[in-house]
2 protein chains.
Amino acid sequence: MKIKNYFAITLVLICAVVAKAQEAPKLNLMPVPASVKFQPQERLAVDANFRVATRGHSDARLQAGIFRFVRRLEGRTVLTLAPGLAPDDQTTPLIINCQGPGKDIPSVSENESYRIDITRRQAMLTAPTVVGALRGLETLLQLLDADRNGYFFPGVQIDDQPRFPWRGLLIDVARHFETIEVLKRNLDAMAAVKLNVLHWHLTEDQGFRVESKKFPKLHQLGSDGNYYTQEQVKDIIAYARERGIRVVPEFDIPGHSTSWLVGHPELGSAPGPYTIERRPGIFEPALDPTREEVYKFLDTFLGEMAALFPDDYLHIGGDENEGKQWDRNPAIQEYMKKKGIKDNHALQAYFNTRLLKILQKHGKKMIGWDEILQPELPKDVVIHSWRGTAALAEAAKKGYDGILSNGYYIDLIQPASQHYISDPLPAGSTLTPEEAKHVLGGEATMWAEWVTPETIDSRIWPRTAAIAERLWSPQSVNDIPDMYRRLAVISLQLEELGLTHKRNQEMMLRRLVRNEDIGPLRTLVSVIEPVKEYRRYQVRPQTMLSPLTGVVDATLPDSDTARRFSWMVREFLNDGPRYQLYRAELNEMLADWQTSAASLAPMIDRSPALKEIKPLAQNLSQLGATGQEAISYLKLGMPPPREWRETSLAKVEEASKPYGALEFVVIGALKQLVNAAADTGRK
Amino acid sequence: MKIKNYFAITLVLICAVVAKAQEAPKLNLMPVPASVKFQPQERLAVDANFRVATRGHSDARLQAGIFRFVRRLEGRTVLTLAPGLAPDDQTTPLIINCQGPGKDIPSVSENESYRIDITRRQAMLTAPTVVGALRGLETLLQLLDADRNGYFFPGVQIDDQPRFPWRGLLIDVARHFETIEVLKRNLDAMAAVKLNVLHWHLTEDQGFRVESKKFPKLHQLGSDGNYYTQEQVKDIIAYARERGIRVVPEFDIPGHSTSWLVGHPELGSAPGPYTIERRPGIFEPALDPTREEVYKFLDTFLGEMAALFPDDYLHIGGDENEGKQWDRNPAIQEYMKKKGIKDNHALQAYFNTRLLKILQKHGKKMIGWDEILQPELPKDVVIHSWRGTAALAEAAKKGYDGILSNGYYIDLIQPASQHYISDPLPAGSTLTPEEAKHVLGGEATMWAEWVTPETIDSRIWPRTAAIAERLWSPQSVNDIPDMYRRLAVISLQLEELGLTHKRNQEMMLRRLVRNEDIGPLRTLVSVIEPVKEYRRYQVRPQTMLSPLTGVVDATLPDSDTARRFSWMVREFLNDGPRYQLYRAELNEMLADWQTSAASLAPMIDRSPALKEIKPLAQNLSQLGATGQEAISYLKLGMPPPREWRETSLAKVEEASKPYGALEFVVIGALKQLVNAAADTGRK
């Protein structure tokens, strides 16, 4: 499912994004809990005597969660803690009081609430379920702080529960395959920010990624050998369950199904043969909804999958079938005429109705993308909206449950701030409280055209933590600078779970440069980003088999450096006519751009893979020089020559062109500098 | 097996270690091939048309190897190459002419030779076996070069084969468990430097790491749940075979066997009960060699393992059994008296003789550590020497095959240069050619007291590549500066295989510092190393359950920065009385030490885990100041005050003390500076 008419949010959100040094120290919790009360006189030491006891319910899942908690605590503090649980008494630093196991299979109706109370004597974590306790343990790990007296948990009282019960991350493993290792570390990261649904997008035109024992040709011929065995699927489901995470599989039909047809062309609406699709995009192959054999096949296959995946829900996709194969197939046309099916929408609705019965037979609730919403659809179907909150509200008014992904398309390389303001139930919502309950939550979507195991973490994290907060925290939590402050802390903590979103970048740069001296390239990539939305393929086409090892792949979304640069420029300009604040830092950065650009030239000559960024290196130098000129005029308080504004803005504009599917994200700030300098002494 | 009387090599080898800039460009091959001829007019372009064809024998293993080769070529060049094999014709850039499959199961008698011939028209890789072809493909990847005209293979003729047939890496997965992922990426790295034996040290006092279906209590009670299933073992063996690597399992008995006895105390020489050992060291528990049930058990267990592991050899350890349990057991003493077994050595020899028969019954050749060599031992046993080349030569003279690990103990944190000069057949060897054939090769040993999946790569790589070269390349290849030059290149290439030896360091520093600002700590750790040999545990005791996330774990062996510093100091001193060469660089470094030390103080206050390095930070500043003083005196050509030498040397000496199991490795160079300055004008 891809957004076709992407709603371009033009509201620029690069406001004050760096916490001022003089502010009081703050907690680094993400998502922010529903309620936090400070007990400033209290703090609980975390030293070599730190131990954990359970009270009330205890089981293997809780104990495994406590074990992981203690290992991470040890990892950060380098303390060797006593193994095993302590007795429940007044000297045990942390008591976990869990009232029951919760649902056996993670469920959308799980109670995830918890309470934390920390005094100097003891910390108490209380939860009605094991999943609630696991959520609380993650909060505790985020609370860990330190000063010269040692590590400690600050004195707080936290009462917490999620705003929405469905908080997901979709991982598309079809366009590019992701290893079990990748999935596991991302499940760990999801748990760290309290996401609770892994939406496993298992089939696509470009790959069929799950073993079917009933129809082995599906994975044997549809996957290039890159699929999950059923044992591995069970392993992932168990791993997710241990962390209170549901696993919702998606089998996208009737469109997006080329890989199914490689082994089973008889299911298609055209005779075939079919081969695995290697390009990105929307393709014609679709299952034939008019033949009984297709339903018989789906009954058997989905029955097999329904038994493999214990979650209540099964996602059937249903998106972006343009029906071109249907239009061209006389038998399908004949069938529609005979049955009085007036168009392809109605035909797909017919298909979905049949599919729904199959899923119900196998005990599953159906979920699908917006397109499945048709008048005759029963109310126990969930709508997954890529179209937006209006579509979601409309469905809710009709009585359908729904989840939002519009605004959470992390593959589009937008900043976290933009995702952060997308709300499944926006402030102006006209839904009644009863209707609003149908809005279950949302999912970040990691579509995988341009990610590999080497890069996927950096496309998911840390931005998805901001989405996780939107879905968990109260609606009133919406301070973007504070979000970025906390995101930076959480991003580092995710590294302890094995996430590679930070550490792989320098490795990729070393490979490109072919030695250790990556400084100049690092400077360049710190102020550029991959082009947004779906422009990458347009300007730099590759296939699903291409190496994703270029500069565009090593460059991160949502540049911290650019955000800081833009913020310093604003502070500097607000400091006029003195123009002192951050001037030294800005000049240093701009000078570094110029020296880095000079160093890049011979590096590009030695590394042909860097050739595509040669114009960017030149523009980096140009932007540095222009910025320095502007600052210099502002500092002197002297107007530049008349033509300077125009030529300088033209240079900056010229530098805004993308090369290698990369673009500068400091253009706006530089234009502000130029315009301010050009206005000097002319007001 | 641990070296008890470690032979301290005092020969300082920090000679000229950085290639001079004015030298002609050199190939970056490691190990250096047996023969390389340059064809300077020739070079083969690697562009989007690059393709591979096979000639002669082809099979799935070869094709998988070619596929991996092409993926890595694409990864480095960011080129999308046509998938699949090309036709064998004159326009195909690379022809792989393989004459046969080689051994079905990787074998010590495999022919690993290959020939490469590169002209402007075509590259030809010829090999008698698939394994030879795989070795040649790794050489090709190391040959890849680039300039502004693009990527290319230089014109060379290479004729290559290994000096020794047994070139191994021992990975101890018992003291700390290592995941399948860790093993696979290390197998990839081994293949990259032409190592061909994974010695899998599976059992120890601290853990029993392989599933036994015959005796499940072994892994169930002996592993904390951290063991390999037999399916995973098969997966690793298949993965290794794909890369032409043998897998030799080790089951270390009769000593080092505490973890066996947790589930099977009846095998022990004392009644038990036993618990998994958590400390490092040598422990008393040992199998009882006097009871028939023990041999019956071993027959069944080793029979199961012999079927699981297809390699010709099975390693039975046999080391470091001090026999204390035997001494105290009256039944054992009685048995010895009755049988005329005069001491524990003889008893262990008796045990080994029985063991040998069991292994022979199951079709395996026995290999064990030095201790197994007893007069009555048959000649078809392989001696694995931790004692040294003399022991190995002695065994060879008696007709025993042997391999060397003395000198290759990479857990001792010695520099690569020291391992590099250890030769299984040293220059002065008195063995006849026939006897010398008994010296099969050697193995680097990654004993795992102080490594986890997060750090193990940095303890193995890149130093093990130097050992790999010693075991493959001609004896005459022994230029240490050139080794280091190539090692730096190979180290970067290993990263593309997923190795984390470089990328994990900054993550670990970020975790310790608790934010992104790791610069000052990075400066400190660049000039310190973990203490050598077995001193870490003595000065900073931990258990096998402790977190290995401290500064000592984040600090790398064989500091590049220290080596470069020492080299610059020598060049600077040799440049006297001018004292110009590298003076600016040295002063910059020494100044950086002082500013970094100042920045570290508040960081240590915020991060209690850093407290243990506080004295190192102070000493870093002191060393920086002393170095600058010395340079200043030398530059001025004026003698310092009389007492200056003594007080300065005392300061430097004071700074040589280890803290946090870390020590400065620039002490020698600083003393040289001080002494030279003190001598100024006094000659």
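Because the structure is predicted, anything quoted here is derived from the model rather than measured.

Enquirer: What should I look at first to understand the overall build of chain A in this one?
Expert: Summing up its helical and strand segments, chain A has 25 helices and 19 strands in all. Against the compact-globule benchmark of 26 Å for 683 residues, chain A has a radius of gyration of 27 Å, which places it among compact chains. A buried classification covers 61% of the 683 residues belonging to chain A. Pairs at least 24 residues apart make up 77% of the contacts formed inside chain A by residues separated by at least 6 positions. With the model as given, the accessible surface of chain A reaches about 25,100 Å², and the carbon-plus-sulfur share is 53%. Computed over 84 positive and 86 negative side-chain charges, the separation of the two mean positions in chain A equals 1 Å.

Enquirer: Is there a simple way to think about the relation of the copies chain B and chain A in this case?
Expert: The operation relating the pair of chain copies consists of a rotation about an axis and a translation along that axis. You can overlay chain B on chain A at an RMSD of 0.1 Å; the transform is a turn of 180° with a shift of 0.0 Å along its axis. The transformation just described matches what one would write down for a two-fold rotation axis. In terms of C-alpha distance to the rotation axis, chain B has Arg 503 of chain B as its closest residue, with the C-alpha 2.8 Å off the axis. A shared interface surface links the copies, since 100% of the contact residues of chain B are contact residues in chain A too.

Enquirer: Which parts of the structure should I look at to understand the packing of aromatic side chains?
Expert: Aromatic ring pairs are described here by two measures, namely the spacing of the ring centres and the angle between the planes. Taken as a whole and assessed by the stated rule, the structure comprises 44 aromatic pairs over all chains. Relative to Tyr 350 of chain A, the ring of Tyr 335 of chain A lies with its centre 6.0 Å away and its plane at 50°, an arrangement referred to as tilted. With Tyr 335 of chain A in helix H9 (residues 330-339) and Tyr 350 of chain A in helix H10 (residues 344-361), this residue pair connects regions lying 15 residues apart in the sequence. In this pair, the class of Tyr 335 of chain A matches that of Tyr 350 of chain A, namely buried. Summarising the aromatic geometry, the rings of Phe 251 of chain B and Phe 309 of chain B are spaced 6.2 Å apart at their centres and angled 70° between planes, so their arrangement reads as edge-to-face. Taken together, the positions of Phe 251 of chain B in the loop between strand S12 (246-250) and helix H6 (258-263) and Phe 309 of chain B in the loop between helix H7 (292-308) and strand S13 (313-315) put the pair 58 residues apart, joining distant regions of the chain. For the residue pair Phe 251 of chain B and Phe 309 of chain B, the accessibility class agrees, reading buried in each case. What links up through ring pairs into an aromatic cluster is the set Phe 177, Trp 200, Phe 208, Tyr 228, Phe 251, Trp 260, Phe 301 and Phe 309 of chain A. The ring of Tyr 239 of chain A carries the charged tip of Arg 243 of chain A above its face, separated from the ring centre by 3.5 Å.

Enquirer: Sorry if this is basic, but what is going on with the pairing of strand S3 (residues 94-98) of chain A here?
Expert: Within a regular strand, side chains alternate between the sheet's two faces. Residues and elements named next belong to chain A. Among the five residues that make up S3, five are buried, leaving the element largely enclosed by the rest of the structure. Neither face of S3 is left uncovered, since the one carrying Leu 94, Ile 96 and Cys 98 and the one carrying Ile 95 and Asn 97 both have all their residues buried. Sheet topology places strand S2 (residues 52-56) next to S3; five bridges connect them, and they run parallel. Bridge pairing links Thr 54 to Ile 96 in S3. As a crossover connection, the stretch from S2 through helix H1 (residues 60-77) into S3 is left-handed. One ladder, built from five bridges, connects S3 with strand S5 (residues 123-127); its direction is parallel.

Enquirer: How do you make sense of the environment of Lys 217 of chain A when you look at a structure like this?
Expert: Residues and elements named next belong to chain A. Checked against the element boundaries, Lys 217 lands in helix H4 (residues 217-222). Here Lys 217 falls in the partly exposed class, since its relative accessible area comes to 41%. When the C-alpha positions of Lys 217 and Gly 263 are compared, they lie 4.9 Å apart, and in sequence the two are 46 residues distant. Once you skip the residues sitting within four places of it in the chain, Lys 217 turns out to touch Gly 222, Gly 263 and His 264.

Enquirer: Help me understand the interface of chain B and chain A in this model?
Expert: Frequently, the measure chosen for interface size is the accessible area removed from exposure when the parts meet. Counting from both sides, the interface comprises 43 residues of chain B and, opposite them, 43 residues of chain A. Each partner contributes to the roughly 3,700 Å² buried at the junction of chain B and chain A, and carbon and sulfur atoms together form 52% of this total. There are eight salt bridges connecting chain B and chain A. A salt bridge links Glu 516 of chain B to Lys 502 of chain A, with the nearest nitrogen and oxygen atoms 2.4 Å apart. At the junction of chain B and chain A, the tally comes to 20 residue pairs in polar contact (both at pLDDT 80 or more). Going through the elements one at a time, helix H1 (60-77), strand S6 (145-147), strand S7 (150-160), helix H16 (480-495), helix H17 (503-513) and helix H22 (583-606) of chain B are the ones with two or more residues in the side of chain B that touches chain A. Tallying contributions element by element places H17 of chain B first for the side of chain B that touches chain A, with seven residues. A breakdown of the residues in the side of chain B that touches chain A according to their chemical character gives 13 nonpolar, 10 polar and 20 charged.

Enquirer: Just checking my understanding: could you explain H7 of chain B for this structure?
Expert: Since the α-helix advances by 3.6 residues per turn, residues separated by three or four positions end up pointing in the same direction. All names here are of chain B. Helix length check: H7 (17 residues) gives 24 Å between terminal C-alpha atoms against 24 Å at 1.5 Å per residue, within 8%. Counting buried positions along H7 gives 12 out of 17 residues, so the element sits mostly inside the fold. The complete set of buried residues in H7 reads Val 294, Tyr 295, Phe 297, Leu 298, Asp 299, Phe 301, Leu 302, Gly 303, Glu 304, Met 305, Ala 306 and Leu 308. Against strand S11 (207-208), helix H4 (217-222), helix H5 (230-242), H6, S13 and helix H10 (344-361) lie the buried residues of H7.

Enquirer: Looking at this structure, I do not really get the pattern of salt bridges. What am I missing?
Expert: Close approach of charged atoms allows side chains with opposite charge to pair. This structure, assessed with the given rule, holds 108 salt bridges over all chains. For Asp 235 of chain B, the salt bridge goes to Lys 184 of chain B, with nearest N and O atoms at 2.9 Å. Of this pair, Asp 235 of chain B sits in helix H5 while Lys 184 of chain B sits in helix H3 (residues 180-192); the two residues are 51 residues apart in sequence, bridging distant segments of the chain. Taken together, the shared-partner salt bridges in this structure form one network comprising Lys 26, Glu 469, Asp 482, Arg 485 and Arg 486 of chain A.

Enquirer: Even after reading the chapter, I still don't get the environment of Lys 657 of chain A, so can you show me in this structure?
Expert: Residues and elements named next belong to chain A. Considering the arrangement of structural elements, one finds Lys 657 in the loop between helix H24 (644-655) and strand S19 (662-664). With 59 residues separating them in the primary sequence, Lys 657 and Ala 598 have C-alpha atoms 20 Å apart. Non-local contacts of Lys 657, meaning those with residues more than four positions away in its chain, are made with Leu 616 and Leu 662. Polar side-chain contacts of Lys 657 include one of 3.3 Å to the side chain of Glu 654.

Conventions we followed
Residues numbered from 1 in each chain as written. Chains lettered and ligands numbered in written order. Predicted model: local features only at pLDDT ≥ 70, side-chain atom pairs only at ≥ 80, totals over all residues. Heavy atoms only, no water. Helix = DSSP H or I, 4+ residues; strand = E, 2+ residues; numbered from the N terminus. Rg over C-alpha atoms; globule rule 2.2 N^0.38 Å. Buried < 20%, exposed > 50% of the residue type's maximum accessible area, 1.4 Å probe, protein only. Contact = heavy atoms within 4.5 Å. Areas by Shrake-Rupley, 256 points an atom, 1.4 Å probe, with all protein chains shown as cover. Lys, Arg positive; Asp, Glu negative; His and termini not counted. Charge placed at Lys NZ, Arg CZ, Asp CG, Glu CD. Least-squares fit on C-alpha atoms with pLDDT ≥ 70 in both. Phe/Tyr/Trp six-rings, centres within 6.5 Å; stacked < 30°, edge-to-face > 60°. Lys NZ or Arg CZ within 6 Å of the ring centre and 35° of its normal. Pairing = 2+ DSSP bridges. Right-handed = clockwise from strand over helix to strand, strands pointing away. Buried area = accessible area lost by both parts, 1.4 Å probe. Salt bridge = Lys/Arg side-chain N within 4 Å of Asp/Glu carboxyl O. Polar contact = N/O pair within 3.5 Å; in protein donor to acceptor, adjacent residues only side chain to side chain. Nonpolar A, V, L, I, M, F, W, Y, C, P; charged D, E, K, R; others polar. Expected span 1.5 Å × (residues − 1).

Nothing here speaks to function; it is geometry throughout.
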